[in-house]
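Secondary and tertiary structure notes
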Amino acid sequence: MEIITAVKGFKDILPPETDKWRHIENTAYNVFRTFGFSEICIPLIEKTELFRRGIGESTDIVEKEMYTFLDRGEESLTLRPEATASVIRAYLEHTLHAVESVTRLFTIGPMFRRERPQKGRYRQFYQIDVEILGPDDPRTDAELILMLMHFLDRLGLKNLTLEINSLGCDECRPTFREAIVQFLRGTEKELCEDCRRRIGTNPLRVFDCKVEKCGEIISQAPRLMDFVCVDCREHFTQVEDRLTLFAIPYTVNAKMVRGLDYYTRTTFEVKTESLGAQNAILGGGRYDHLVRDLGGPDISGIGFAIGMERLAALIPDKEKNPADSPFLFIAAIGDKAVDKAFFLSNRLRMRGIRVETDYSGRSLKSQMKRADKLKSSFVLIIGEREVSENRALFRNMHTSSQEEIGLDKLEETIMKIAR
RNA sequence: GUGGGUGUAGCUCAAAUGGUUAGAGUGCCGGGUUGUGGCCCCGGAGGCUGAGGGUUCAAGUCCCUUCACUCACCCCA
């Protein structure tokens, strides 16, 4: 019979990879908590309408990448393609904005988008999502980015580049959008097919085009920064100043456009050279009116999402941590000895000692081989003779010396050594 | 959704122009020591060569179809 395989674009994460993920999550918890964030857990499924309104009707995500289905043929539900909309939904549903003026939340979990899988891109992928709701002070933007860079630093990541930009606000962005559309219409004939399409759908995307010719044309285009209003410019400068204060290296990427409709003013990405085409390991930005657009008060927010798979790919596989190896391996020969091993190993485990043993009754030699492979520090050898005389051989695997010890005092002896 | 690449042992890979029983390393299991690991030596298990069809005296190898994986485009974390 054929085995059933995982669905395309869905992956298993196996040990020891899971250890690395655990390490990333632990680091995130510690750093975020220090910065005053609390964890929130949100459902994997939401009403489709939430994402249509939150992410934007004309985005690729909503147009063609969502896992949407009718629940019992009645209500349209969707597997979340991102977390921000859900976090804000929960924020509003539980009126967290009335509890305190600043709400700092993070959540870690899988997202779902039905795209063609490739390196660093899967249909189920994990994100670390962080949001600050309430303040729109530029210090908040800077603080969030600061924390983020600190987090990446704590993970030991090198050769990352932080790019920031301002997308302007409701005041200045439409003017710019109009100017860019007008400019593109004038050069339409020379643009690539994709870019001609983008004029109608997402003109800012043209900045990202990889076609050389388009790049040339675009370099002549009006620049967003020239259209940004005084307030937005001031906000951006303030953010820059704070980053400089903490000596955070960054580059201003005026061509950076984010894929979701809700971003305003500050946006940012962190990129790497070592992941192929999917070079962004995280992206985020401010969203001044998303809360309002989802039916809440006009509260500003800012957040980012880190791609776990992409992040994990940058962290070297960990050397087998000696602390993960058993402290003791119990080698037992003969049924009575195996029973003794069963009892002792589980007793010691309950006292916090990491113990491995073998119930198979294999030769001492093969059990020793296994103990060696597991890098166990000590081996307790119990054979027929030892059982009848109520003793055992306690072998130090590093020094290859061994001594006899009585089984009665074994637990205490081990505990003493393990301490 | 559109292109390109790759499918042989658990893993990494071999098998010249089609030609006998598809090999190696590694891993796994066992032995070399009456009950003692690493190094070394020996042995064993493990493959419908992704699947289906075709050409041929003969197909892992050539052709077609299909599936999977993968990289890239699009887009994004």
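Residues numbered from 1 in each chain as written. Chains lettered and ligands numbered in written order. Predicted model: local features only at pLDDT ≥ 70, side-chain atom pairs only at ≥ 80, totals over all residues. Heavy atoms only, no water.

1. Let's talk about the overall build of chain A
- Looking only at helices and strands, one finds 16 helices and 16 strands in chain A.
- Taking 22 Å as the expected radius of gyration for a compact globule of 419 residues, we find that chain A reaches 29 Å, considerably beyond that expectation.
- Each of the three principal axes of chain A carries a C-alpha extent, and together these read 95 × 55 × 45 Å.
- Here chain A holds 419 residues, and the buried ones make up 50% of them.
- Looking at chain A alone, contacts between residues at least 24 apart form 68% of all its contacts between residues at least 6 apart. (Helix = DSSP H or I, 4+ residues; strand = E, 2+ residues; numbered from the N terminus. Rg over C-alpha atoms; globule rule 2.2 N^0.38 Å. Buried < 20%, exposed > 50% of the residue type's maximum accessible area, 1.4 Å probe, protein only. Contact = heavy atoms within 4.5 Å.)

2. Quick word on helix α2 (residues 48-55)
- Residues of α2 that are buried include every one of T48, L50, F51, G54 and I55, and no others. All buried residues of α2 fall inside an arc of 155 degrees around its axis, so they share one side.
- The inward-facing, buried residues of α2 contact β2 (45-47), α3 (60-65), β3 (67-71), β4 (75-79), α4 (84-93) and α11 (290-293).
- In the stretch just after α2, G56 is the one whose phi turns positive, near 115 degrees. (Arc of directions from axis to C-beta.)

3. Describing the domain arrangement of chain A
- When the domains of chain A are assigned, the result is domain 1 (17-172 + 228-314) and domain 2 (322-412).
- Taking the mean C-alpha position of each, domain 1 and domain 2 sit 50 Å from one another. (Domains from an automatic or database assignment.)

4. A look at the sheet that holds strand β13 (residues 355-357)
- Across the sheet, which stays open at both edges, the five strands sit in the order β13-β12-β14-β15-β16 with mixed pairing between neighbours. The open sheet has two edge strands with one neighbour each: β13 and β16 (401-406). Strand-to-strand twist across the sheet, computed as the mean angle between neighbouring axes with direction ignored, equals 25 degrees.
- Pairing between strand β12 (residues 328-332) and strand β14 (residues 378-382): five bridges, direction parallel. Bridge pairing in β14 places I330 opposite L380. (Pairing = 2+ DSSP bridges. Axes fitted to C-alpha atoms, helices over the stretch in contact; angles between N-to-C directions.)

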